[in-house]
Amino acid sequence: MDYIKPFINFTSKKLQLRIVFALFLVIFLIALATGTGMAQENAEAAKAAKDAVMAEPYKVVDYRNFFGLDGRLIVWIISELHLMFAAFVLAVPIFVVIIEIIGAKGNDIRFDNLAREFTKLLSAAFATTASLGGLLAFALYGLYPAFMRYMTDVFHPFMFIYALCFFGEVFCLYGYYYSWDLLSKTPKGKWIHISIGVMLNLFGTALMMLANSWATFMMAPGGINMETGTVTSLYHAFYNFLWMPVNIHRIIANVAFGGFVVGAYAAVKFMGSKTDEERAHYDWMGYIGNFIGLSALIPLPFAGYYLGREVYSASPVMGNIMMGGAFSWTFIIQAILIGMLFIGGNYYLWNGMSRIKGAERYTPYIKYINIVIFFCFAVWLTPHNLPLSGEERALIGEQYHPFSKFFGVMAAKNAVVNLLILSTFFSFLLYRRANKGETKPFSSHGSAARITLIITVGLTVMYLAWYALGLRGIDLDENIKQYVSPLITCLVLQIIAIVISLLLTFANKGKFAQIFLFVVTAVMAVIYFWYYGFVVMEKANLVLRYLSVTQVSIVISCLIVNTVIDVFLFKDAREVGGIQWGKIPHRSQYALLLLCVAIVTLMGLMGFIRSGLRMNWHIYGYMQDTSAGAFTPSIAYMGWTVSLIVILFLALVAFVFWLAGLADKKKKHA
Amino acid sequence: MRSFLNAVIFTVAVLGFFTYVCIYVTGLSGGGDGGGATGVSPEAGEKVFWGDGQCHTCHRIGTTGSATRGPDQESLASRAEERAKATGLSSGLEYMVESIVNPSSFVVEGYDNIMPKVYDPPIMLDREKILAVLSYLQTLGGEPNIDAVTKFKDRIPEASKTKVVPWVPPIEVDPKEGELIFFDDTRDVTCSKCHLLNGKGSKVGPDLTGIGAVQTPQYLIESVLKPSAVIVKGFETMYLITNDGMAYNGLLVSQDEKEVVLMVDEDGKMEELVFYPDEIAQMQKQDVSIMPGNFSEMLTTKEFYGIISFLLNQK
């Protein structure tokens, strides 16, 4: 084969060293220039002080800017970058440990190697996260001293705990990474290694939850006297109203974030691969990344709904601002990004089927799933009130569009979100069975399978029954309570459907059981509740929140039971053909890239919304923001800023991963 | 390297699309810079209306904005003049001032009593900004008159945080006990017999859903102990004498050329009575509320503060 010498050889060790040295010089020169600026500023200040007739007493400042730049913008950028890196380093250990456990249990070295490769990225990103965290703390103390003084007064005991947890995380992370070979020699050692990974996760989650309490305290302060700011209960300041909803939402979102970032890393590596072996490895890695991301993405809307509901409960004014005021349009943009994630995820799965022999049996269904997903996306995008001109309004004769108004309200949006989730789940089930042929009877899997399924169904049914009983006992006026009865009926019907599915599975009719449960769920949670949502909105708006939870509960119960049935249904099933890793179309890798860019942008957007909801308050209702930046930026400005943050983050990630890869290259060359 | 460059180009294209959507949406939503508006002028008021004041979260102006919780403010100035005449106020401007200073004084029919006092936290508009909003509202179907607006300066309270001091009842009470008393049907007089709360109760008096978010403890205490001190608009008592000398005290349910409907307490039960114009000898609005004024005798101190605590939790 002819070898064409590239114009620039980027694999050259010399060139890489030159790049590192050039970067060092750039950073050094920037620091020097900044230092010179500071020195000049200090000199001017000293001169001004000399000129003063009388020495003035030390003046406490509330706000500063960053050498002429808007302090808020600087804090915004740094905090987002820190959050994105933190999301990555908190999420990756969660699935690294799971992958390692899968590898250890199945004695499959591929999983162990994959977990190790992820950890290599993790250790490289960890130092950057810590540096950005330090930079954020300095920026906050330097640019918002009065605010930080108060926050320190309230939370200083937890700041020490934070530092201790940080030490714990550092020791566990490096212990986990560097003891890999040492502890992999014996099974006992392997489980000690996994335990260190679990500890790493515990410290990481504790760190996140500690920092969350400070952010949610700013949104929904508790445990302080709202006039004087005196702390009346440190416990309530820490465990404030929004703390747990944000914790739950962030953990799930972080896993989706980590999965998609890893997927994008694999995609870039796949596209640059030179051998079939490399392509197969990175194709598999991308598949795992997408699987992790999608698995976390499916429950994310439910956690988001819970958080949104609690924001309303914490402050109706804040809730109004979020969904009906200044921030309502940002949720249209959020819908576009989430739509990108679902469409990208499904597109990747469908492309992935091309490398699986036997998948052609299912490809005719894909176009229908496509139609459903695009329909859901369109409904989700429809604003509650399309902006109409005076002429259009006169022509229509009312404020709302006669057709689109049915898609703009909560009832429609709840229905399509659930349909979107069911469709994506269905798409994933098709992918799973793409190369599977004849299945073995359920009875052949033994009593372990039966017990697992019974426990799963039992727990799911118990949850549904518990919620149905709760609805029955709700203290509402009779004329409103009558609208709750259909919800209870639907929950009971779902319980019956789940039990029937269980019996069908035991009777070796697992596929039929899955279809039956899908149909019952879709009819109730999507079709019926879409219609009934309108009825409730019209006649008993109060019931809408119970309807949403019922809808979600029914869908989740279907996902859980169908997953467990699927696992046993296709256990030891005959394979039609193997998966040809690496034989995936090139275009699919762009779907992985899209997923990564979309979720990073989404995190930037949601950070803007969560923080912006406080409007002109540092601590909502207690400490006002009196700086020049106490206004909500326009959506366009947010768009530019978030795009800049995403570019910076991805550039830093690429740089950090490149650094992490240098060691491997060295080993290969050695 | 080529694949990396392709990835970079793809990423920049996706971000370009995102930024374009943000710019497009900004054009649709009319979101401006939200920057510092100062002074008393319609321009400054407009910025406050769509910005710091958060008025747009509940009110739209014609086709601008999309909120439907509060009335559409299109042609507000001319409508305010009509309402001022109907309510005995001197001008439409005074009607608007009164609506901002004490939002529960005039609740437009078909809307809930949910408007917060914008000079209290968390909105906390200062006096100048409220005056600016008033001058802007004057332009909606009328002409601005800044001199007239500034004359109302002293009627508008200064933004104050002192009103959010957590209220503590003088004795230890449990809001849950207050809730039980509020809905206790076994008592002679029950709050829920006349007030609706979270969809439960009767709508003889004002709906108390979310009352804790818009009213102060002092207001609630006064409303229970002295119901006639402030009578919510639309719940005034009417005194009616028929031609045959029968006298009735009740709430005015509706009134038109054909009939007058009063809700009257008939032996402890609220009933609607219809009167035709030719049988009415005299009809007069009363300054006394239909709500019993002897709650201090019917409730123990613990029960009373329990109910107040319960109502303050309704946010």
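Small disclaimer: the values here were computed from a predicted structure and weren't measured.

Draft legend 1. Quick look at the environment of Gly293(A). All names here are of chain A. Within the secondary structure layout, Gly 293 lies in helix 9 (residues 276-297). Since its relative accessible area comes to 0%, Gly 293 is described here as buried. Spatially, the C-alpha atom of Gly 293 lies 7.2 Å from that of Gly 258, the residues being 35 residues apart in sequence. The contact partners of Gly 293, leaving out residues within four places of it in the chain, are Ala 256, Gly 259 and Phe 260.

Draft legend 2. Local environment of empty space enclosed by the protein. Tallying each qualifying case throughout the model produces one cavity of 30 Å³ or more. Along the walls of the largest cavity sit Ile333(A), Ile336(A), Leu337(A), Met340(A), Phe17(B), Phe18(B) and Val21(B), which together make up its complete lining. Broken down by secondary-structure element, the contributors of at least two residues to the lining of the largest cavity are helix 12 (330-352) of chain A together with helix 1 (2-29) of chain B. Here the lining of the largest cavity gets four residues from one element, more than from any other, and that element is helix 12 of chain A.

Draft legend 3. Representation of a nonpolar patch on the surface. Residue and element names in this part refer to chain B. A grouping of Met 1, Phe 4, Leu 5, Val 8 and Val 12 is seen on the molecular surface, where their side chains present a nonpolar patch of about 420 Å² in accessible area. Take Phe 4: it is sitting in helix 1. Judged by relative accessible area, Phe 4 falls into the partly exposed class, the value being 34%.

Draft legend 4. Highlighting the confidence of the model for chain A. Here chain A shows a mean pLDDT of 85. Residues at 70 or above account for 88%. Confidence, expressed as mean pLDDT per element, reaches its minimum in chain A at helix 1 (residues 13-51) of chain A with 62 and its maximum at helix 19 (residues 485-506) of chain A with 95.

Draft legend 5. Expanded view of the nonpolar core. Formed by 220 residues in total, the largest nonpolar core has its most connected members in Phe88(A), Phe118(A), Phe257(A), Val600(A), Met638(A) and Leu134(B). In terms of residues, this core owes the most to one element, helix 22 (residues 587-612) of chain A, which gives 15 residues. Not counting residues up to four positions away in its chain, the partners in contact with Met638(A) are Trp76(A), Thr330(A), Ile333(A), Leu605(A), Phe608(A), Phe18(B) and Cys22(B). Counting residues in each nonpolar core, the second largest holds 32 residues, with Leu143(A), Met148(A), Phe155(A) and Met623(A) among its members.

Draft legend 6. How the structure looks around helix 2 (residues 42-50) of chain B. Residues and elements named next belong to chain B. All of the buried residues along helix 2 are Pro 42, Ala 44, Gly 45, Val 48 and Phe 49. Burial along helix 2 is one-sided: seen end-on, the buried residues are contained in an arc of 155°. In the core, the buried residues of helix 2 are packed alongside helix 5 (127-138) and helix 6 (146-150).

Draft legend 7. Fine view of the packing of aromatic side chains. Going through the model one piece at a time under the given rule, you end up with 52 aromatic pairs over all chains. Note on Phe375(A) and Phe407(A): the rings are 6.5 Å apart at their centroids and 90° apart in plane angle, and the pair reads as edge-to-face. Note that Phe375(A) is positioned in helix 13 (residues 363-381) and Phe407(A) in helix 15 (residues 405-408), a separation of 32 residues in sequence. Taken together, the aromatic side chains of Phe155(A), Phe158(A), Tyr162(A), Trp214(A), Phe217(A), Tyr235(A), Phe238(A), Tyr239(A) and Trp243(A) make up a single cluster linked through ring pairs. Across from the ring centre of Trp284(A), 4.4 Å away, lies the NZ or CZ of Arg110(A), which sits over that ring. The lysine or arginine in question, Lys200(B), covers the ring of Phe183(B), its NZ or CZ lying 4.5 Å from the ring centre.

Draft legend 8. Quick peek at the environment of Pro227(B). The residue Pro227(B) is located in the loop between helix 9 (217-225) and strand 3 (237-242) in this model. Separated by 67 residues in sequence, Pro227(B) and Asn294(B) have C-alpha atoms that sit 9.4 Å apart.

Draft legend 9. Representation of the sheet that holds strand 3 of chain B within the structure. Residue and element names in this part refer to chain B. Ordered by their spatial adjacency, five strands build an open sheet running 6-5-4-3-7, and the pairing between neighbours is antiparallel. A strand with exactly one partner marks an edge of an open sheet, and here the two such strands are strand 6 (269-275) and strand 7 (280-285). Put simply, the sheet's adjacent strands are angled 40° from each other on average, direction ignored. Relative to strand 7, strand 3 runs antiparallel, the two sharing five bridges. Pairing of Met 238 across the sheet is with Lys 285, part of strand 7.

Draft legend 10. Molecular detail of the pattern of salt bridges. Residue and element names in this part refer to chain A. Applying the stated criterion across every chain, the model contains 10 salt bridges over all chains. The partner of Asp 108 in a salt bridge is Arg 110, and the shortest N-O contact between them spans 3.6 Å. Across the salt bridge formed by Arg 116 and Asp 181, the nearest N and O atoms sit 2.8 Å from each other. Of this pair, Arg 116 sits in helix 3 (residues 109-143) while Asp 181 sits in helix 5 (residues 180-183), placing them 65 residues apart in sequence. On the basis of relative accessible area, Arg 116 is assigned to the partly exposed category, the value being 29%.

How each quantity is defined
- Residues numbered from 1 in each chain as written.
- Chains lettered and ligands numbered in written order.
- Predicted model: local features only at pLDDT ≥ 70, side-chain atom pairs only at ≥ 80, totals over all residues.
- Heavy atoms only, no water.
- Helix = DSSP H or I, 4+ residues; strand = E, 2+ residues; numbered from the N terminus.
- Buried < 20%, exposed > 50% of the residue type's maximum accessible area, 1.4 Å probe, protein only.
- Contact = heavy atoms within 4.5 Å.
- 1 Å grid on protein atoms, 1.4 Å probe; cavity = no way out; pocket = protein on both sides within 12 Å on 5 of 7 lines; lining within 4 Å.
- Points joined across faces, edges and corners; volume = space filled by probe spheres on them.
- Patch = residues over 30% accessible without salt bridge, like charges linked within 9 Å, V, L, I, M, F, W, Y side chains within 5 Å.
- Areas by Shrake-Rupley, 256 points an atom, 1.4 Å probe, with all protein chains shown as cover.
- Salt bridge = Lys/Arg side-chain N within 4 Å of Asp/Glu carboxyl O.
- pLDDT = per-residue confidence, 0-100.
- Core = buried A, V, L, I, M, F, W, Y, C linked by side-chain atoms within 4.5 Å.
- Arc of directions from axis to C-beta.
- Phe/Tyr/Trp six-rings, centres within 6.5 Å; stacked < 30°, edge-to-face > 60°.
- Lys NZ or Arg CZ within 6 Å of the ring centre and 35° of its normal.
- Pairing = 2+ DSSP bridges.
- Axes fitted to C-alpha atoms, helices over the stretch in contact; angles between N-to-C directions.

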